[in-house]
Amino acid sequence: MKTVAHYLLLCAIALVCVFPFWWTLVTALSTEGNIFAFPPTFWPKEPSLDNFIEVFRAIPMWSFFRNSVFIAACTVFWKLLLCSAAAYPLARMQFKGRKLVFGLILATLVLPSEVNFLVNFITVTKLSLVDTYAGVILPNVVNAVSILLLKQAFEEVPQDLIDAARVDGASEWIIFSKIMLPLIAPWLATVGILTAVEAWNEYIWPSIVMSNPDEFPLSVGVLYLRGTFGSSTRVIAAGTVLTILPTLAAFLFTQRFFMRGMDGAVK
């Protein structure tokens with residue numbers, strides 16, 4: 001009975017998590033009926049792909065998709081590089097002020113991201129990066145959560161392995177790049193997946209920095225459907241589904257790396 005209760009609880013949680021996406025998908029596929037009816041419809045009436053076709057006619061989806069892929073890929077690359085470079089000395093090097101530096105990094109966790117928008121926008125403006133991809137990417141390439149996760153990953157590597165490499169004459173850069181990074185690959189994959197999803201779904205910051213519609217990411221560009229089809233909730237739902245599907249597919253194909261990394265973080 002205890003096992004049955006656990007599975008019932010898990011099914012209830014799964015239903016709560018899946019329902020918004022399922023309702024959006026049903027709305028996007030349906031062509032008739034009241035989409036706001038209660039109780040809601042759990043299966044599309046007269047299912048059709050017309051709403052998805054209309055999305056591609058209304059906005060340049062492929063252009064927005066290409067922009068999102070570029071922004072997400074660059075953000076993942078630079079975050080893995082910079083956060084791992086910051087986490088390695090905090091985990092394996094002894095220097096004055098190490099605990100203070102790490103404490104200041106952790107202190108940034110108490111600040112909501114919206115607090116940084118004004119400072120980041122002033123900085124981006126001074127650097128002449130407004131309305132550029134660099135202005136969207138740079139403020140998101142380093143954060144405390146990624147540094148903390150990678151620091152814990154570096155601490156999991158046995159010290160004897162590092163000492164043996166130093167005895168063989170390996171420099172710190174060789175130890176970092178040739179030994180440590182391959183050993184923490186699952187953690188790097190975890191940070192990469194989380195970063196990719198975050199960068200893909202980012203809406204507020206790109207909408208603040210960018211004004212050229214041709215360079216909008218998908219999360220911002222799909223909102224043009226609201227103005228073009230103000231009364232067509234089904235078309236908006238279809239655009240939302242097209243925005244969600246890439247990250248959902250990416251997670252399904254990479255979830256084993258994500259789970260391995262999270263297991264290591266918990267340990």
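For the protein chain, an unreviewed UniProt entry supplies the name ABC transporter permease subunit and the organism Duganella margarita. Listed in UniProt under the heading Subcellular location (unreviewed entry), the comment for the protein chain reads: "Cell membrane". Reading the Sequence similarities (unreviewed entry) entry of the UniProt record for the protein chain gives the comment "Belongs to the binding-protein-dependent transport system permease family."

## Some details on unusual backbone geometry
Even without being a glycine, S128 presents a positive backbone phi close to 60°. Of note, S128 is situated in the loop between α5 (116-126) and α6 (133-137). Judged by its relative accessible area of 61%, S128 is exposed. A positive phi angle, near 65°, is found at D131, a position not held by glycine.

## Some details on the side chain of T247
Tracing the backbone through its elements, the reader meets T247 in helix α14 (residues 233-266). Reaching out from T247, the side chain makes a polar contact with the backbone oxygen of I244 at a distance of 2.8 Å. Ignoring anything within four residues of it in the chain, the contact list for T247 reads V197 and W200.

## With respect to the packing of helix α7 (residues 144-156) against helix α10 (residues 185-201)
Taken N-terminus to C-terminus, the directions of α7 and α10 make an angle of 170°; their axes are 9 Å apart at the nearest point. Accordingly, the angle class assigned to the pair α7 and α10 is roughly antiparallel. Contacts between α7 and α10 pair S146, L149, L150, A153 and E156 from the former with W187, L188, T190 and V191 from the latter. Each residue belonging to the contact of α7 with α10 can be placed in one class, and the counts come to six nonpolar, two polar and one charged.

Rules of the game
Residues numbered from 1 in each chain as written. Predicted model: local features only at pLDDT ≥ 70, side-chain atom pairs only at ≥ 80, totals over all residues. Heavy atoms only, no water. UniProt positions renumbered as here; feature names shortened; annotations may be inferred. Helix = DSSP H or I, 4+ residues; strand = E, 2+ residues; numbered from the N terminus. Buried < 20%, exposed > 50% of the residue type's maximum accessible area, 1.4 Å probe, protein only. Polar contact = N/O pair within 3.5 Å; in protein donor to acceptor, adjacent residues only side chain to side chain. Contact = heavy atoms within 4.5 Å. Axes fitted to C-alpha atoms, helices over the stretch in contact; angles between N-to-C directions. Parallel < 35°, antiparallel > 145°, perpendicular 65-115°, else oblique. Nonpolar A, V, L, I, M, F, W, Y, C, P; charged D, E, K, R; others polar.

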